Amino acid sequence: CSHIWGTGSGPFPPAPPHPSAAFLGGPDEGPPCSTGPGWAGEGPGASGKNRRVCHAAARLEMGSLWEEFNRLGTEMIVTKAGRRMFPTFQVKLSGLDPLADYVLLMDFVPLDDKRYRYAFHSSSWLAAGRADPAAPGRVHFHPDSPAKGAQWMRQIVSFDKLKLTNNLLDDNGHIILNSMHRYQPRFHVVFVDPRQDSERFAHQNFKSFSFPETQFMAVTAYQNHRITQLKIASNPFAKGFRDGDPEP
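None of these values were measured; they are calculated from a predicted model.

Q: Outline the overall build of the protein, supporting the account with residue identities and numerical values.
A: Counting its regular elements, the protein contains four helices and 16 strands. Per-residue burial for the protein yields a buried fraction of 50% across its 248 residues. Partitioning the contacts of the protein with sequence separation of at least 6, the portion at a separation of at least 24 is 72%. For the protein, the accessible surface area stands at approximately 11,900 Å², while carbon and sulfur atoms represent 56% of it.

Q: Talk me through the packing of aromatic side chains; I want residue IDs and the actual numbers.
A: Scanning the model with the defined rule gives eleven aromatic pairs in all. For the ring pair Phe159 and Phe187, a centre distance of 5.9 Å and an interplane angle of 75° mean the geometry is edge-to-face. Highlighted residues: Phe159 in the loop between strand 11 (157–158) and strand 12 (163–165) and Phe187 in strand 14 (residues 182–191), separated in sequence by 28 residues. Of the two residues, Phe159 and Phe187, both sit in the buried class. Note that Arg195 overlies the ring of Phe201, its terminal NZ or CZ placed 3.7 Å from the centroid.

Q: Help me get a handle on the packing of helix 1 (residues 63–72) against helix 3 (residues 225–234), residues and values and all.
A: Packing of helix 1 against helix 3 leaves a shortest axis separation of 10 Å and a crossing angle of 165°. In this view, helix 1 runs roughly antiparallel relative to helix 3, as classed from their interaxial angle. The way helix 1 lies across helix 3 gives a crossing that is right-handed. On helix 3, the residues touching Leu65, Glu68, Phe69 and Leu72 of helix 1 are Arg226, Ile227, Leu230, Lys231 and Ser234. For the contact of helix 1 with helix 3, a count of residues per class yields five nonpolar, one polar and three charged.

Q: How would you explain the sheet that holds strand 2 (residues 57–60) if you had to name every residue and give the values?
A: Ordered in space as 2-5-11, the three strands form an open sheet in which the pairing is antiparallel. Both outer strands of the open sheet, strand 2 and strand 11, are each paired with one neighbouring strand and no more. Note: strand 5 (residues 90–94) against strand 11, two bridges, orientation antiparallel. Bridging across to strand 11, Val91 finds its partner in Val157.

Q: Can you lay out helix 1 for me, pointing to particular residues and giving the numbers?
A: Regarding helix 1, the residues found buried are Leu65, Trp66, Glu67, Phe69, Asn70 and Leu72. Buried positions along helix 1 lie against strand 2, strand 3 (75–77) and helix 3. One or two positions beyond helix 1, positive phi appears at Gly73, with a value near 100°.

Q: Please give an account of the pattern of salt bridges that cites residues and values.
A: Across all of its chains, the model carries twelve salt bridges by this definition. Arg52 is the partner of Asp97 in a salt bridge, and the nearest nitrogen-oxygen pair spans 3.3 Å. Residue Asp97 is located in the loop between strand 5 and strand 6 (101–110), and its partner Arg52 is located in the loop between strand 1 (21–22) and strand 2; the two are separated by 45 residues in the primary sequence. The exposure class of Asp97 is partly exposed, given its relative accessible area of 23%. For the salt bridge of Arg200 with Asp197, the shortest nitrogen-to-oxygen distance reads 2.7 Å. When its relative accessible area of 57% is taken as the criterion, Arg200 is described as exposed. Residue classification places Asp197 among the partly exposed residues on the basis of a relative accessible area of 30%.

Q: Give me the lowdown on the sheet that holds strand 12, citing residues and values where you can.
A: Sheet strands associate in pairs through backbone hydrogen bonding, adopting either a parallel or an antiparallel arrangement. Taken in spatial order, the three strands make up an open sheet running 4-12-13, and their pairing is mixed. Whereas interior strands pair on both sides, the edge strands pair on one side only; in this sheet they are strand 4 (83–84) and strand 13 (175–176).

Q: Give me unusual backbone geometry: which residues, what numbers.
A: With an omega dihedral of 0°, the bond running from Phe86 to Pro87 counts as a cis peptide bond. Relative to the assigned elements, Pro87 resides in the loop between strand 4 and strand 5. Of the consecutive residues Ser145 and Pro146, the connecting peptide bond is found in the cis state with omega at -10°. Secondary-structure assignment places Pro146 in the loop between strand 9 (140–141) and strand 10 (147–148).

Calculation rules
- Residues numbered from 1 in each chain as written.
- Predicted model: local features only at pLDDT ≥ 70, side-chain atom pairs only at ≥ 80, totals over all residues.
- Heavy atoms only, no water.
- Helix = DSSP H or I, 4+ residues; strand = E, 2+ residues; numbered from the N terminus.
- Buried < 20%, exposed > 50% of the residue type's maximum accessible area, 1.4 Å probe, protein only.
- Contact = heavy atoms within 4.5 Å.
- Areas by Shrake-Rupley, 256 points an atom, 1.4 Å probe, with all protein chains shown as cover.
- Phe/Tyr/Trp six-rings, centres within 6.5 Å; stacked < 30°, edge-to-face > 60°.
- Lys NZ or Arg CZ within 6 Å of the ring centre and 35° of its normal.
- Axes fitted to C-alpha atoms, helices over the stretch in contact; angles between N-to-C directions.
- Parallel < 35°, antiparallel > 145°, perpendicular 65-115°, else oblique.
- Left-handed = near helix turned anticlockwise from the far one by under 90°.
- Nonpolar A, V, L, I, M, F, W, Y, C, P; charged D, E, K, R; others polar.
- Pairing = 2+ DSSP bridges.
- Salt bridge = Lys/Arg side-chain N within 4 Å of Asp/Glu carboxyl O.

Written out as structure tokens, the structure reads:
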């Protein structure tokens, strides 16, 4: 079960529900895919996808922990040098062609056009004006990309190398975010099309997944003390919080 923004519960102001998956339509190579029940993979327009991606499904790992953070209002630290996410974004894939090559990547999209501040007296986030100019859009490629579908499906896919920064001039390839803004991580499965004119089919060759429970507020320091406590309690590397070394 996924918490959806806009229910009015939790520490964040209501926002429109975010779709569980995003698809672009287009002519299909091979038999069309149904949009029957599944994990986060179902959604409109799946019949327009290449048959090597349209059956792809992704299950979010550590879902109960993500939900626990989400109920409090997840915060992720951004630093000039870059900070890893916790919980780490991990998925279990199925439905890929075992012999086809795939690239896996992530990006992060703003949830709204607002900047926020934390009200300590009410332990809640309040809108504090319009969003800052959007940070440069970047994607993070999983370092094992490209790899065969069989390899991706064999084990949990972990984006533990991904780092978040607020340095607009970052030259390390980290994801650049604005502090005190809300974001939705997105996960993309891209089929490496061997055809010479593969650019023509680019819109068919990927499938995207968004898990609402992974939404978060980017911060330079934790605002909600309950988030700090939960991170220390659940992060195996959280010894750094106690020893004064913030980077695991």
